[in-house]
Amino acid sequence: MIMKRCLIVTGGGDCPGLNAVIRAVVKRAAVQKEWEIVGSIEAFNGILREPTEIVILDEHMVSGIHYRGGTILKTTNKGGPFAWPVKNNDGTWTTVDRSDEMLRKMQYLGIDAVINIGGDGSQQISKKLFEKGCNIIGVPKTIDNDLTATDSTFGYQTAVQIATEAVDKLVTTAASHNRVLILEVMGRYAGWIALNAAVAGGAEICLLPEFPYDINKVLESVNERFERDQGFVNIVISEGARAVGKDYSILSEQEIGYENRRLGGVANVLMHELKEAGCQHSIRTTVLGHLQRGGIPIAYDRVLATQFGVKAFEMVLAGEFGRMVSYQHPEITSVSLEEALQKPNLVEPDTALMKTARGIGIHFGD
Ligand code: F6P
């Protein structure tokens, strides 16, 4: 007989491995028998909407989803219980806090525990809901690898793999045409995807958000490479990179309820900066964009996602609420939500991989 209900929510950007977490929770709960797992459609919006949009997640429903990209529950990085967008009479938008109403509704729906799978924005919501008495557990998710409280998150290695394959492809064009090929990758304000793809793909120059670049030094490095031996250069630039003294490259379109600044376009900015600085070589740019987030998770991410899902449900059983699942090699453990959100995980000058990258001559524009 079903006695308890656990709600799964996927919030923020989609990420390879989300479905593997959902499946793992459901399969682990099936072993326990007395729990029913339900999912809210489009993060917490499924609970907040009228009529409510929740689905029962049984083993049949999650069968074979571990290798599928995206999330069967859908997701959003807009709105949410603390900032629900509402249109004013004059056509402008504002946000309202609907968290109390949502918690009442969850009580009415008989939800005993919540597993919130998401990045820093989603875990901020977890923390606030926990402070209001919700039995919530966070599962970290980000392709950006920008959370300090866990050694890794699922989705990140898949993104690195996709970015590396893009570098591999661009190297052949750069070499054939004697060009400068610039690849823009995601990562928000953390340069991990760019740094890993540059090392794995053999790029000559890598520009990261953490270290604003000097365009003259980037140009010097480009020219040196052309003069030295091979007449081509591959640059991997993180979307959050910028020249010294310049602002981030922000996309202008605004979406209602979207609170993050949308980074993008820095590859083209760099191309123009290089030309203005006097670069004589032919330059082409590629923005990899959402290709990094879509599709099949690599095996590593499926395994980590499965471990996170099982651990999350075991934390529900143990009543370990207000905490986030965390991978601290070799253990899958947990940290308080407070600790989980303390500071972002950024590339530091003395990060081991930075030393490796510099060791093989990758230039960082500094
Ligand atoms: O946080 C993941 C991420 O893919 C970032 O790397 C990127 O800046 C952002 O999300 C893009 O978000 P959206 O899909 O909302 O444009």
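Cut-off values and rules
Residues numbered from 1 in each chain as written. Predicted model: local features only at pLDDT ≥ 70, side-chain atom pairs only at ≥ 80, totals over all residues. Heavy atoms only, no water. Near = heavy atom within 4 Å. Polar contact = N/O pair within 3.5 Å; in protein donor to acceptor, adjacent residues only side chain to side chain. Areas by Shrake-Rupley, 256 points an atom, 1.4 Å probe, with all protein chains shown as cover. Domains from an automatic or database assignment. Disulfide = S-S within 2.5 Å. Buried < 20%, exposed > 50% of the residue type's maximum accessible area, 1.4 Å probe, protein only. Phe/Tyr/Trp six-rings, centres within 6.5 Å; stacked < 30°, edge-to-face > 60°. Helix = DSSP H or I, 4+ residues; strand = E, 2+ residues; numbered from the N terminus. Lys NZ or Arg CZ within 6 Å of the ring centre and 35° of its normal.

Description of the site of the ligand
Close to the ligand lie Asn77, Ile143, Asp144, Met186, Gly187, Arg188, Glu239, Tyr258, His290 and Arg293, which account for all nearby residues. Between the ligand and the protein, one listed contact pairs an oxygen atom with a side-chain N or O atom of Asp144 at 2.6 Å. A distance of 2.7 Å is found between an oxygen atom of the ligand and a side-chain nitrogen or oxygen belonging to His290. Burial of the ligand by the surrounding chains reaches 85%, relative to a free accessible area of 400 Å². Inspection of the shell around the ligand shows a minimum of three residues originating in each of domain 1 (4–154 + 297–329) and domain 2 (157–294 + 348–359).

Focus on the state of the cysteines
By the definition in use, this model includes zero disulfides. Cys15 forms no disulfide, and the closest cysteine sulfur to it belongs to Cys6, at a distance of 20 Å. Not engaged in a disulfide, the cysteine Cys279 finds its nearest cysteine sulfur in Cys206; these two sulfurs lie 18 Å apart. Residue class for Cys279 comes out buried when judged on its relative accessible area of 8%.

Some words on the packing of aromatic side chains
Scanning the model with the defined rule gives three aromatic pairs in all. Between Trp35 and Phe313, the aromatic rings sit 5.7 Å apart at their centres with planes inclined by 90 degrees, giving edge-to-face as the arrangement. Placement of the pair is Trp35 in strand E2 (residues 35–40) and Phe313 in helix H10 (residues 299–318), with a sequence separation of 278 residues. Summarising the burial analysis for this pair, Trp35 and Phe313 share the class buried. A ring pair is formed by Tyr189 and Tyr248, whose centres lie 5.0 Å apart and whose planes are at 65 degrees; its orientation type is edge-to-face. With a gap of 59 residues between them, Tyr189 in the loop between strand E8 (180–185) and helix H7 (192–201) and Tyr248 in the loop between strand E10 (233–238) and helix H9 (266–276) connect regions that are remote in the sequence. Overall, the relative accessible area of 32% leaves Tyr189 in the partly exposed class. For the cation-ring pair, Arg225 lies above Phe232, with the distance from its terminal atom to the ring centre recorded as 4.9 Å. For the cation-ring pair, Arg242 lies above Tyr248, with the distance from its terminal atom to the ring centre recorded as 4.1 Å.

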